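Per-entry structural report
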Amino acid sequence: MSKIFNFCAGPAMLPSAVMEQAQKEFCNWQGLGVSVMEVSHRSPEYIKMAATAEQDLRDLMEIPDNYKVLFCHGGGRGQFAAVPLNLLGDKLEADYLLTGQWSKLAVVEAKKHARISETDIMTKTDSGKLTVKPCSEWPINAGAAYLHYCPNETIEGIEIFDIPETGVVPLVADMSSMILSRPIDVSKFGIIYAGAQKNIGPSGLAIVIVRDDLIGYARKAIPSIFDYEVQAKTNSLYNTPATYTWYLAGLVFKWLKEQGGLVEVEKKNIAKAELLYNFIDDSDFYTNNVDKSVRSRMNIPFTLVDDSLNEAFLAQAKDAGLLTLKGHKLVGGMRASIYNAMPIEGVQALVDFMKAFEEQQ
Ligand SMILES: *Cc1c(COP(=O)(O)O)cnc(C)c1O
């Protein structure tokens, strides 16, 4: 069988080296004669693995010592609720920037718990491309409990490289679809969270990176598994965590270190994204609707010149070993998600296919 490349937005492909290692030790982990998913999360072997995974993540992201790293249940959407429940304290209001579908969904959940003030910071360029208003126009409300935004909108393919300056107001970021794709300055954030299944590992886990001084203000009625204080005190072993996902995330962190860390990973991600965007921009057949300054390096939506060709495009792409390119229903067209695990060979194979498909019309 020729090589398969999976462009799914999430759960997304994992590095093949990681999958092979997991397969090798699937039934016999660390010589114990059992799988890692069959051992107690209280066993010394598991606790050591879990702590190593955390340390590797800290090294990769250069997470300062005054931040806790939590391995939580409930994915990205679990944190849509956990953030207001932990952070509101005695404040009544939180601010949300809107840049696309995921930031809007975060608001829907947060509204159950707080008064939310939302600001749409999207606009269009003169040529009609989607873009984000400049940082200087983002409102900062000093009375808000926190400001939430989504630096990479997975569905629309919009990535925000500027970091809002919020002063004393804690900045909260949903990094589900761009975490670990490039270095970021963690010290600018109060909370960073991410569902695992895009750039970390399989689904079933959310990573939360939270500054110490924000812990301890949770609402009394918060479910304990969402309480950052409870999770911090128990090293995220309050109840049984997603043990296998945590283990696989640990393998991914080691793999990222072997790639040379996030500086090197970012270079590869830039090269991959440029390869595809340059091809699309040079073509009259394919279009991407996002302004260059805010184009996502992880999720690249594009349309064909004629929507009636979509079915044929998808069927032939699948035959060529290029999977899950159908765009999100809200945007239409196609979407190629090219997270860390996607090698440049996969993007090249996609570009070659797109070229051939166009020529055939
Ligand atoms: C996928 C995604 C989520 C949802 O994650 P779940 O783990 O399915 O809850 C949230 N935010 C962003 C930006 C995403 O890409």
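Conventions adopted
Residues numbered from 1 in each chain as written. Predicted model: local features only at pLDDT ≥ 70, side-chain atom pairs only at ≥ 80, totals over all residues. Heavy atoms only, no water. Near = heavy atom within 4 Å. Polar contact = N/O pair within 3.5 Å; in protein donor to acceptor, adjacent residues only side chain to side chain. Areas by Shrake-Rupley, 256 points an atom, 1.4 Å probe, with all protein chains shown as cover. Helix = DSSP H or I, 4+ residues; strand = E, 2+ residues; numbered from the N terminus. Domains from an automatic or database assignment. Contact = heavy atoms within 4.5 Å. Buried area = accessible area lost by both parts, 1.4 Å probe. Salt bridge = Lys/Arg side-chain N within 4 Å of Asp/Glu carboxyl O. Nonpolar A, V, L, I, M, F, W, Y, C, P; charged D, E, K, R; others polar. Pairing = 2+ DSSP bridges. Axes fitted to C-alpha atoms, helices over the stretch in contact; angles between N-to-C directions. Expected span 1.5 Å × (residues − 1). Buried < 20%, exposed > 50% of the residue type's maximum accessible area, 1.4 Å probe, protein only. Arc of directions from axis to C-beta.

A separate point is the site of the ligand. As a structural note, the neighbourhood of the ligand is formed by 13 residues, with Arg77, Thr154, Asp174, Gln197 and Lys198 the closest of them. Contact between the ligand and Arg77: an oxygen atom at 2.8 Å from a main-chain N or O atom of the residue. Its free accessible area being 390 Å², the ligand has 87% of it covered by the protein chains. In terms of residues, the shell around the ligand owes the most to one element, helix α3 (residues 75-87), which gives 4 residues.

On to the domain arrangement of the protein, then. Here the domain parsing of the protein yields domain 1 (50-258) and domain 2 (261-360). Placing the centre of domain 1 and that of domain 2 at their C-alpha centroids yields a distance of 27 Å. Across the contact, 28 residues belong to domain 1 and 27 residues belong to domain 2. Across the domain 1 to domain 2 interface the summed buried area is about 2,300 Å²; carbon plus sulfur atoms make up 57%. Our enumeration of links across domain 1 and domain 2 arrives at 0 salt bridges. There are 14 residue pairs in polar contact (both at pLDDT 80 or more) connecting domain 1 and domain 2. In terms of residue class, the side of domain 1 that touches domain 2 is built from 12 nonpolar, 10 polar and 6 charged.

The next thing to look at is the sheet that holds strand β16 (residues 334-337). What the 3 strands build is an open sheet, ordered β13-β14-β16; its pairing is antiparallel. The open sheet terminates on both sides in strands that have one partner only, identified here as β13 (286-287) and β16. Of the strands in this sheet, β13, β14 (299-304) and β16 are in contact with helix α7 (residues 261-282), which crosses β14 at around 20 degrees.

Turning next to α7. Here α7 is 22 residues long and its end C-alpha atoms lie 32 Å apart, about the 32 Å a rise of 1.5 Å per residue gives. Buried within α7 are the following residues: Gly261, Leu262, Val265, Asn269, Lys272, Ala273, Leu276, Tyr277, Phe279 and Ile280. Looking straight down α7, one finds its buried side chains confined to an arc of 160 degrees; they lie on one side. Packed against the buried residues of α7 are α2 (44-61), α6 (243-258), β13, β14, β16 and α9 (344-360).

On to the sheet that holds strand β4 (residues 115-120), then. If you trace the 7 strands from one edge of the open sheet to the other, you get β2-β12-β11-β10-β7-β3-β4, paired in mixed fashion. If you trace the sheet from one side to the other, it starts and ends with β2 (67-72) and β4, each paired once. Within the sheet, the average angular offset between the axes of one strand and its neighbour, ignoring direction, is 15 degrees. Against the sheet, α2 makes contact with β2 and β12 (206-211), and its axis sits at roughly 125 degrees relative to β2, the strand it touches most.

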